[in-house]
Amino acid sequence: MARAHTPARKAAISAVAWTVALLIFFPILWTVLTSFKTEGQAVSTPPVFVFFDWTWENYATVQERSNYARHAMNSVVISVGSTLLALLIAVPAAWSMAFSPTKHTKNILMWMLSTKMMPAVGVLVPIYLLFRDWGLLDTLGGLVAVMALINLPIVVWMLYTYFKEIPGEILEAARMDGAGLSAEIIHVLAPMAVPGIASTMLLNVILAWNEAFWTLNLTAAKAAPLTAFIASYSSPEGLFWAKLSAASTMAILPILVLGWFSQKQLVRGLTFGAVK
Amino acid sequence: MATTHTRAAARLTLAPSVILLLAWMAIPLAMTLYFSTLRYNLLMPGMESYVGVENYGWFLTDPAFKAAIVNTLTLVLGVLAITLIGGTALALLLDQPMWGQGIVRLLVIAPFFVMPTVSALVWKNMLMHPVNGLFAWIAQSLGMEPVDWFAELPLFSIIVIVAWGWLPFATLIILTALQSLDSEQREAAEMDGAGPVSVFAYITLPHLARALTVVVLIETIFLLSVFAEILVTTNGGPGTATTNLAFLIYAQALLQYDIGGASAGGVIAVILANIVAVFLIRMVGKNLES
Amino acid sequence: MFNRTVGLALGALLASTTLAGAQTLTIATVNNGDMIRMQGLTDAFTAQHPGIALEWVTLEENILRQRVTTDIATRGGQYDVMTIGTYEVPIWAKLGWLLPLNNLGEDYDADDLLPAIREGLTHEGQLYAAPFYGESSMVMYRKDLFAEAGLEMPDAPSWDFIAEAARKITDRDAEIYGVCLRGKAGWGENTAFITATANSFGARWFDMDWKPQFDSPEWKETLTFYVDLLNDAGPAGASSNGFNENLALFQQGKCGMWIDATVAASFVTNPAESTVADQVGFALAPDNGLGKRGNWLWAWSLAVPAGSEKGEAAQTFISWATSKEYAELVAEKEGWANVPPGTRTSLYENPAYQEAAPFAEMTLASIKAADPADPTVDPVPYVGVQFVAIPEFQGLGTAVGQQFSAALAGQISVEQALETAQTIATREMTRAGYIK
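Residues numbered from 1 in each chain as written. Chains lettered and ligands numbered in written order. Predicted model: local features only at pLDDT ≥ 70, side-chain atom pairs only at ≥ 80, totals over all residues.

> How do you make sense of the overall build of chain B when you look at a structure like this?
Along chain B, the regular secondary structure elements total 13 helices and 2 strands. The principal-axis extents of the C-alpha atoms in chain B amount to approximately 80 × 75 × 30 Å. Buried positions account for 50% of the 290 residues belonging to chain B. In chain B, once contacts between residues fewer than 6 apart in sequence are set aside, the share between residues at least 24 apart is 70%. (Helix = DSSP H or I, 4+ residues; strand = E, 2+ residues; numbered from the N terminus. Buried ≥ 20, exposed ≤ 12 C-beta atoms within 10 Å, placed from the backbone. Contact = placed C-beta atoms within 7 Å.)

Right under this line is the structure:
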């Protein structure tokens, strides 16, 4: 049975794929639509889809009430900063694990991943006390450190699987030429590792952006990122769907755009060495 | 051989980074262990004292504990099942030539970028609500009785919401693996008269094994501590139908402010996670060896 | 649009740095409408008090509560003014965590505060928090549906009447449900409603020896009544409906009655949001002839953490935000109907307010009918109407609420729910040392 790439087949597949994709996307689309409705329309039954009086009112309200730019800026600093810090610690460690593995490397990796499974709320008070004593509450620096810490296992593991794909022979060849360790890293291996590091970065920025426990519980006014911005619109007494939808749209948009633009890089790293 | 020597040198140079990493990771765990041996309630200051393993006994005998373990595992397995099967199907679909492939792919990965709290609020009130929700409206338009999701199928509803967020992740990884599949091999099999089912079963699926393993591992890490979705939709109820381990620890820490009990719960969660990790390695770990 | 956003925000940032010389108060508050309005009036405050700048942290209720509790318990010092409820104030005041408010100014007129509300915020004769707005609960009902069914709502209905009316009005084909009540598990959700209801049925959480009472016939009667009523005359999904879900249902015209917070009155009578705005009537929360009504009492209040270095400025702010002048300021800008309700006698004596708020009289009567110091028919060792003012209640109330919601969802029987509740409560109270 040869595969026929007939237009009819392509049309059928397109139709199915578009239907499925729109279904999956629908909750987001619905949120965006709702952000342009009045609060009354947002909860009306039967629901209104496209034919209503579109209004910017919710965005105006959100704009007036919250300092969106400050929250967004904090989100950027926290997610990018924590990712960079995590990479700084993780790259050398993953490097040594990948190229000079010991008997325990696998176990260490697994143990690290398992600490990630601990519910964050179990450590909240200890961390809060530490932060208080070190003056880190409501500071961007403190959050960068915590977010780096909690995403570290994933970063190490992603990098490890990626580095392992780099053929050892190249390393040998470089050593034959008498290259030192640092030269080895900078000139030979770094170029090969860049795609893996880039995609690890991207995934981490996304995870840190959406993290809503530490970012809420360790901040007050100054360092609060977009998750706190969302929390000021969710579930007040009274109708809130349209305003929450507007706030959500504003909170999701930057990361969605980043994700869409960097889709290719993201995908390359998400292989976790799974592609041979 | 010279390599042994250089390897040793490399290990020596890089050991500090591994040690730093381990220390960095061990701080919170050590603190949790310490606090788990204290009687320590934030709302009763001045009563802190060492109590040994009492907190563990307290947490393990909680009437909701057994339900929490079962719910935690059900949630993980349910979401894994949906995302693995759905993700494979979606990846196979997206791998076909079609019009507007780029846009379709963008639409499919979008849910991954939505914060859990927001997605839970949207699903609960705008989609699944049995009176105001869109699903109820659709059901009624078709002349059916609307489903009361969070009363009749509480855990399933949460699984659906969580799975929606993780489906794009699974799809992306599987799709990447699929694209690296040697098409000559597949075409050769097709020439030999193999049908699409057997091509999938004997060629595609084995090729995807590693990607699927990765999905299982990463998702399990996050799914074991799912919490925001439950807090927003059901608060762990009705009964303990949606109380998982993370929610139980939340109740201990931020409703009771019983820090000792919550720390003990945290340690128990880590132990449970390690058991799951051991199982994972036994069951699927071989796929990770190249 | 994005550029404008950034520009505006940068402007705001610059503006706030120029005020750097001033004392900055960080205020943690709930994202309810009245507080949002207060935040919007920041300029009016800073114009009067140029030495004080305000920084707002506005969060959803549950997150706010966990934030401020963690912070005050660990002496984190992140907030200068905290918005807390009638539940926290007595507990925190007793622990010495709050600054006594004895510097509110000459013309604050604390005697004007409603006695029930004021009492709830007082510990050993000293005011520890100033009420920003107060609420009780009452019956909101649809006059048109009642007229259609030939029913007349008395000002002070009994539970029997409510049950009968609810069943009569219910018309499932037309999606009209006789009564909407809270069902979502949580100490501030279904547990609050059911506890207040239980008071009017003669039930109580604990006896004088702190022994849980869920095995009493009164509790069985309460829970059976509640579950049967919602099964017969409640909306689908009742077991996951909280305040907001029911509000949406009522505004869409799907509830014949709704028994909930008095502040909801201003939402359901607002024509911009509610499709039934002109058809809403009000009545006191029901009773069972035992001398207690099923209404609760709550006040969102402003307090200052003990040891705050900005105590004086903080009290200046609190005095402003809970004053009569503040009410006039809101009235001037947004109309009398939007003034924070339920805190001052003078507001309810104001003819302009009475005219703008058709629910004023019933709100006041409901607040007056609640007595946190003596909430139950039989004596109890605790304070609080819809809660028990002990630190353990948040966790315990949520666990018990889960059992109630399971009974409502039909997963377990009423007997099983109460039996489990009794076990959980005995266990928690023993650990906490109440039961020796």
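> Would you explain the overall build of chain C in this entry?
From N to C terminus, chain C includes 19 helices and 10 strands. A globule of 436 residues ought to have a C-alpha radius of gyration of about 22 Å, and chain C, at 22 Å, matches this closely. Taken along the three principal axes of its C-alpha coordinates, chain C extends 65 × 55 × 45 Å. Looking at chain C as a whole, 57% of its 436 residues are labelled buried. When contacts within chain C are restricted to residue pairs at least 6 apart in sequence, long-range pairs at least 24 apart make up 74% of them. (Rg over C-alpha atoms; globule rule 2.2 N^0.38 Å.)

> I'm lost on the interface of chain A and chain B in this one. Help?
Interfaces are frequently sized by the accessible area removed from exposure as the parts join. Each side of the interface is counted separately: chain A has 75 residues, and chain B has 82 residues. By residue class, the composition of the side of chain A that touches chain B is 54 nonpolar, 17 polar and 4 charged. (Nonpolar A, V, L, I, M, F, W, Y, C, P; charged D, E, K, R; others polar.)

> Can you help me understand the nonpolar core in this one?
Formed by 318 residues in total, the largest nonpolar core has its most connected members in A:Ala94, A:Val156, A:Leu159 and C:Met140. By residue number, the principal contributor to this core is helix α7 (residues 140-164) of chain A, which donates 17 residues. Sequence-distant contacts of A:Val156, defined by excluding residues within four places in its chain, comprise A:Ala90, A:Ala93, A:Ala94, A:Met112 and B:Leu21. (Core = buried A, V, L, I, M, F, W, Y, C linked by C-beta atoms within 7 Å.)

> Please clarify how the UniProt feature "transmembrane region" (unreviewed entry) in chain B should be interpreted in this entry.
All names here are of chain B. Mapped onto this numbering, the UniProt entry annotates "transmembrane region" (unreviewed entry) at residues 12-35, 68-94, 106-123, 155-178, 199-228 and 259-281. Across residues 68-94, helical content stands at 100% and strand content at 0%; the span's end C-alpha atoms are separated by 37 Å. As a span, residues 155-178 carries 100% helix and 0% strand, and end to end its C-alpha atoms are 32 Å apart. (UniProt positions renumbered as here; feature names shortened; annotations may be inferred.)

> Even after reading the chapter, I still don't get the pairing of strand β8 (residues 255-261) of chain C, so can you show me in this structure?
Successive side chains on a regular strand alternate, one facing one side of the sheet and the next facing the other. Residue and element names in this part refer to chain C. The element β8 is extensively covered by neighbouring structure, given that 7 of its 7 residues are classed as buried. Two elements, strand β6 (residues 130-142) and β8, share 5 bridges in a ladder whose sense is antiparallel. The residue bridging Met-138 from the neighbouring strand is Asp-260, located in β8. Summarising the sheet, strand β7 (residues 177-180) and β8 pair through 3 bridges and their orientation is parallel. (Pairing = 2+ DSSP bridges.)

> Is there a simple way to think about the interface of chain B and chain C in this case?
Contact residues are listed per partner, giving 28 residues for chain B and 35 residues for chain C. Sorting the residues of the side of chain B that touches chain C by element identifies α7 (149-152) and α12 (245-255) of chain B as the ones contributing at least two each. Sorting elements by how many residues they give to the side of chain B that touches chain C places α12(B) first, with 3 residues. Residue composition of the side of chain B that touches chain C, by class: 17 nonpolar, 10 polar and 1 charged.

> Looking at this structure, I do not really get the UniProt feature "domain: ABC transmembrane type-1" (unreviewed entry) in chain B. What am I missing?
The feature "domain: ABC transmembrane type-1" (unreviewed entry), as annotated in UniProt, sits at residues 69-280 of chain B in this numbering. Helix makes up 76% of residues 69-280 of chain B and strand 0%, and the two end C-alpha atoms of the span are 17 Å apart.

> Would you explain unusual backbone geometry in this entry?
As a rule of thumb, non-glycine residues mostly have phi less than zero, and peptide bonds are mostly trans rather than cis. In this structure, A:Asp138 takes a positive phi of about 55° despite not being glycine. In this structure A:Asp138 comes out as buried when scored by C-beta crowding, with 22 C-beta atoms within 10 Å. Of note, the phi angle at C:Arg75 is positive, near 55°, even though the residue is not glycine.

> Hey, could you run me through the domain arrangement of chain C in this one?
Residues and elements named next belong to chain C. Split into domains, chain C comes out as domain 1 (11-128 + 298-356) and domain 2 (136-296 + 378-431). Spacing between the C-alpha centres of domain 1 and domain 2 amounts to 30 Å. Each partner contributes to the interface: domain 1 provides 7 residues, whereas domain 2 provides 9 residues. For the side of domain 1 that touches domain 2, the per-class residue count stands at 6 nonpolar, 1 polar and no charged. (Domains from an automatic or database assignment.)

> Looking at this structure, how should I read the pairing of β6(C)?
Residue and element names in this part refer to chain C. Burial of β6 is extensive: 13 of the 13 residues sit out of reach of the surface. Examined bridge by bridge, β6 and strand β10 (residues 297-303) share 6 bridges and lie antiparallel to one another. Across the sheet, residue Ser-136 finds its bridge partner in β10, namely Leu-297. Pairing geometry for β6 and strand β9 (residues 280-284), over 5 bridges, is antiparallel. Directly across from Val-139, in β9, lies its bridge partner Ala-283.

> Sorry, what's going on with helix α1 (residues 7-34) of chain A here?
One turn of an α-helix holds 3.6 residues; hence residues three or four places apart share an orientation. The largest bend in α1(A) amounts to roughly 55° and is located at A:Phe26, with the proline A:Pro27 lying one to four residues further along. Of all the positions in α1(A), only A:Ala17, A:Ala21, A:Ile24, A:Pro27, A:Ile28, A:Thr31, A:Leu33 and A:Thr34 are classed as buried. Contacts made by the buried residues of α1(A) are with α2 (39-42) and α12 (241-261) of chain A together with α3 (65-94), α4 (101-109), α5 (116-127) and α8 (154-179) of chain B. (Bend = angle between axes of the 7 residues up to and from the residue.)

> Which parts of the structure should I look at to understand helix α2 (residues 33-40) of chain C?
All names here are of chain C. Within α2, the full set of buried residues consists of Asp-34, Met-35 and Met-38. For α2, the arc enclosing every buried residue in end-on projection is 95°, short of the 170-degree limit, so these residues lie on one face. Residues of α2 that are buried in the fold lie against β1 (23-30), β2 (52-59), β3 (81-84), β6 and α13 (311-321). (Arc of directions from axis to C-beta.)

> I would appreciate a short explanation of the packing of α3(B) against α8(B) in the present structure.
Think of two packed helices as two axes; the pair is described by the angle between the axes and how far apart they sit. All names here are of chain B. Interhelical geometry of α3 versus α8 gives an angle of 40° and a closest axis separation of 6 Å. The orientation of α3 with respect to α8, classified from their angle, is oblique. When you trace α3 past α8, the crossing you get is right-handed. Classifying every residue of the contact of α3 with α8 gives 18 nonpolar, 8 polar and no charged. (Axes fitted to C-alpha atoms, helices over the stretch in contact; angles between N-to-C directions. Parallel < 35°, antiparallel > 145°, perpendicular 65-115°, else oblique. Left-handed = near helix turned anticlockwise from the far one by under 90°.)

> Help me understand the environment of A:Leu33, please; the structure alone is not making it clear to me.
Mapped onto the elements of the fold, A:Leu33 is located in helix α1. Of the residues examined, A:Leu33 has 20 C-beta atoms within 10 Å and is grouped as buried.

> Sorry if this is basic, but what is going on with the environment of A:Ala251 here?
Its place among the elements puts A:Ala251 in helix α12. Separated by 179 residues in the primary sequence, A:Ala251 and A:Ala72 place their C-alpha atoms 7.6 Å from one another. Beyond its immediate sequence surroundings of up to four residues, A:Ala251 is in contact with A:Leu226, A:Phe229, A:Ile230 and B:Met115.

> Teacher, can you tell me more about the environment of C:Ala22 here?
Note on placement: C:Ala22 falls in the loop between α1 (2-18) and β1. For C:Ala22, the contacting residues outside a window of four places in its chain are C:Gly51, C:Ile52 and C:Ala53.

> Looking at this model, I keep getting lost on the confidence of the model for chain C. Mind explaining?
Predicted coordinates in regions of low pLDDT should not be interpreted in detail. Residues and elements named next belong to chain C. In the predicted model, chain C carries a mean pLDDT of 91, and the fraction of residues at 70 or more is 95%. Residue range residues 4-20 is modelled with pLDDT below 50. Its contacts to residues more than four positions away, or to other chains, number 11 contacts. At the level of chain-chain contacts, confidence expressed as ipTM amounts to 0.85, with global pTM at 0.88. (pLDDT = per-residue confidence, 0-100.)

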